Amino acid sequence: MTFDYPARRARLAGLLTGHEVPALLVTSPVNVHYLTGLASSNAAVLVRADGSALLATDNRYIDKARTLEVPAVEAPDVAARLAEPGAGIEAANMSVATYRRLGEGLVPLGPVVEVLRAVKDDGELELLRTACEITDQAFADIAETIAPGITERDLARLLDNRMTELGADKPAFDTIIAAGENGAVPHHAPTDRPLRAGDLVTMDFGARYQGYHADMTRTVSLGPPAAWQREIYDLVAQAQRAGREALVPGAESRDVDAAARTVIQDAGYGSRFRHGLGHGVGLEIHEEPFLGPSRTGRLEDRVPITVEPGVYLPGRGGVRIEDTLVTREGGPELFTKTTKELLVL
């Protein structure tokens, strides 16, 4: 897949006047990759308001850098090589030590490139769609192995291996398998606890494909669910539907969160939904925009984002249901298509 990196830099250059800086020194490896095509652990790019740019990296990556559509120089200290008086810097991606070393005259800015990255082009959406298809298929392929006796760790390994076999670069993040009482921990790390009859089992996983990350969560029941399990499952499913329906261009991030959160609060479980409703996905598994009660900003068209409400009952278990979707003018496009009906295994 090829991308129009000069067009991305031009879009960034067009924003710099509004931030009252003549240039932006980009040091986040992900953002450098997005703007130039260079994937590395040590590079920076200076993008000026006039549209010009300069890339710096060390001798491990300079040969690759010189094949790209941006002038490139070799330097052991890439940030120092490109720093210019008055330039903006990525405050969230530069250490205080580096900032002090570069001297005064630089302007700390918020997530400028990250906001640009939130809106995806056709090529990016195609890669994300493939990542989600792999994720769906991996779940379908291992569903019959989800049974009493298998451990959380073994189930995570099966999912990870199957995603790789289906073409994933690797898992998009550390797979979460949370059985029984462990389901009350939103980001539980898999253990040697065996799955047991009567458990709800929450599985949060995704494939990374050509650098783009999928994210999906499903909760299944090992045997017929108890009344309380069915109650919270149906509640989370209702909240998730409400969140998906609110996911339209122009919507306030906090209003989308509220659409789902209100459903859970009205049922008396508000204190048991302990995280934001969702987040953007792309070159990172968590990226702009974020959906939460205190989040600001409006959603744009063509933004891949998750909707993942949950209810967590300490000592008993929990339910989370999550999809990756894309905002569209006619309504959100669903990328993760595995059924959200409660599977009884």
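Look up a bit, the structure's there.
Residues numbered from 1 in each chain as written. Predicted model: local features only at pLDDT ≥ 70, side-chain atom pairs only at ≥ 80, totals over all residues. Heavy atoms only, no water.

Asker: Hey, could you run me through the overall build of the chain in this one?
Answerer: When helices and strands are counted, the chain shows 10 helices and 20 strands. Its C-alpha radius of gyration of 22 Å places the chain within 12% of the 20 Å reference for a compact globule of 345 residues. C-alpha extents for the chain along the principal axes are approximately 65 × 40 × 40 Å. For the chain, the residues scored as buried account for 54% of the 345 residues in total. Look at the contacts in the chain between residues 6 or more apart in sequence, and 63% of them connect residues 24 or more apart. Just so you have it, the chain exposes about 14,400 Å², and 50% of that area is on carbon and sulfur atoms. Averaged over its 36 positive side-chain charges, the chain has a centre that lies 2 Å from the centre of its 49 negative ones. (Helix = DSSP H or I, 4+ residues; strand = E, 2+ residues; numbered from the N terminus. Rg over C-alpha atoms; globule rule 2.2 N^0.38 Å. Buried < 20%, exposed > 50% of the residue type's maximum accessible area, 1.4 Å probe, protein only. Contact = heavy atoms within 4.5 Å. Areas by Shrake-Rupley, 256 points an atom, 1.4 Å probe, with all protein chains shown as cover. Lys, Arg positive; Asp, Glu negative; His and termini not counted. Charge placed at Lys NZ, Arg CZ, Asp CG, Glu CD.)

Asker: Where do I start with the packing of helix α1 (residues 5–16) against helix α2 (residues 29–36) in this structure?
Answerer: Axis angle and axis distance: for two packed helices, these are the angle between their axes and the distance between the axes, and together they describe the pair. With their axes 6 Å apart at the nearest point, α1 and α2 run at an angle of 115° to one another. The segment α1 lies against α2, with Tyr 5, Arg 8, Arg 9, Arg 11 and Leu 12 engaging His 33, Tyr 34, Leu 35 and Thr 36. Residue composition of the contact of α1 with α2, grouped by class: 4 nonpolar, 2 polar and 3 charged. (Axes fitted to C-alpha atoms, helices over the stretch in contact; angles between N-to-C directions. Nonpolar A, V, L, I, M, F, W, Y, C, P; charged D, E, K, R; others polar.)

Asker: What's the story with the nonpolar core in this structure? I'm lost.
Answerer: Leu 12, Leu 55, Ile 146, Leu 155, Val 201 and Met 203 are the most contacted members of the largest nonpolar core, which totals 63 residues. With 9 residues, the single largest contributor to this core is helix α7 (residues 122–142). Beyond its immediate stretch of four places on either side in the chain, Leu 55 contacts Val 32, Thr 36, Leu 38, Ala 43, Ala 44, Val 45, Ala 65, Leu 68, Val 70, Pro 71, Ala 72 and Val 73. Judged by nonpolar contacts, the second largest core, of 27 residues, contains Leu 200, Phe 273, Ile 305 and Val 311. (Core = buried A, V, L, I, M, F, W, Y, C linked by side-chain atoms within 4.5 Å.)

Asker: I keep staring at the pairing of strand β1 (residues 23–26) and nothing clicks. Help me out?
Answerer: Side-chain direction in a regular strand flips from residue to residue, so the side chains alternate between the two faces of the sheet. By the alternation rule, side chains of β1 split into Ala 23 and Leu 25 and Leu 24 and Val 26, which are all buried. As defined by bridge partners, β1 adjoins strand β2 (residues 43–48) across 4 bridges and the pair is classed as antiparallel. Paired with Leu 25 across the two strands is Leu 46, which belongs to β2. As paired strands, β1 and strand β5 (residues 88–90) are joined by 2 bridges and run parallel to one another. (Pairing = 2+ DSSP bridges.)

Asker: I tried to follow the side chain of Asn 31 on my own but got confused; where do I start?
Answerer: Tracing the sequence through the fold places Asn 31 in helix α2. Within the structure, Asn 31 has its side chain in polar contact with the side chain of Glu 90 (distance 2.6 Å). Those residues within four positions of Asn 31 in sequence are excluded, and the remaining contacts are Val 26, Glu 90, Asn 93, Val 113, Glu 114 and Arg 117. (Polar contact = N/O pair within 3.5 Å; in protein donor to acceptor, adjacent residues only side chain to side chain.)

Asker: Teacher, can you tell me more about unusual backbone geometry here?
Answerer: Most peptide bonds take the trans configuration, and most residues that are not glycine carry a negative phi. Residues Glu 288 and Pro 289 are joined by a peptide bond in cis, for which omega reads -5°. In this structure, Pro 289 sits in strand β14 (residues 287–291). Residues other than glycine seldom take positive phi values, yet Glu 20 does so here, at roughly 60°. If you trace the backbone, Glu 20 turns up in the loop between α1 and β1.

Asker: I would appreciate a short explanation of the sheet that holds strand β10 (residues 207–209) in the present structure.
Answerer: As a general point, the strands of a sheet are linked pairwise by backbone hydrogen bonds and lie either parallel or antiparallel. On the basis of which strands lie adjacent, the open sheet formed by 3 strands has the order β7-β10-β11 and antiparallel pairing. Each edge of the sheet is formed by a strand with only one pairing partner; in this case those strands are β7 (170–171) and β11 (212–213). Relative to β10, β7 is paired through 2 bridges, and the arrangement is antiparallel. Pairing of Lys 170 across the sheet is with Arg 208, part of β10. Sheet strands in contact with α7 are β10 and β11, and its direction is about 145° off that of β10.

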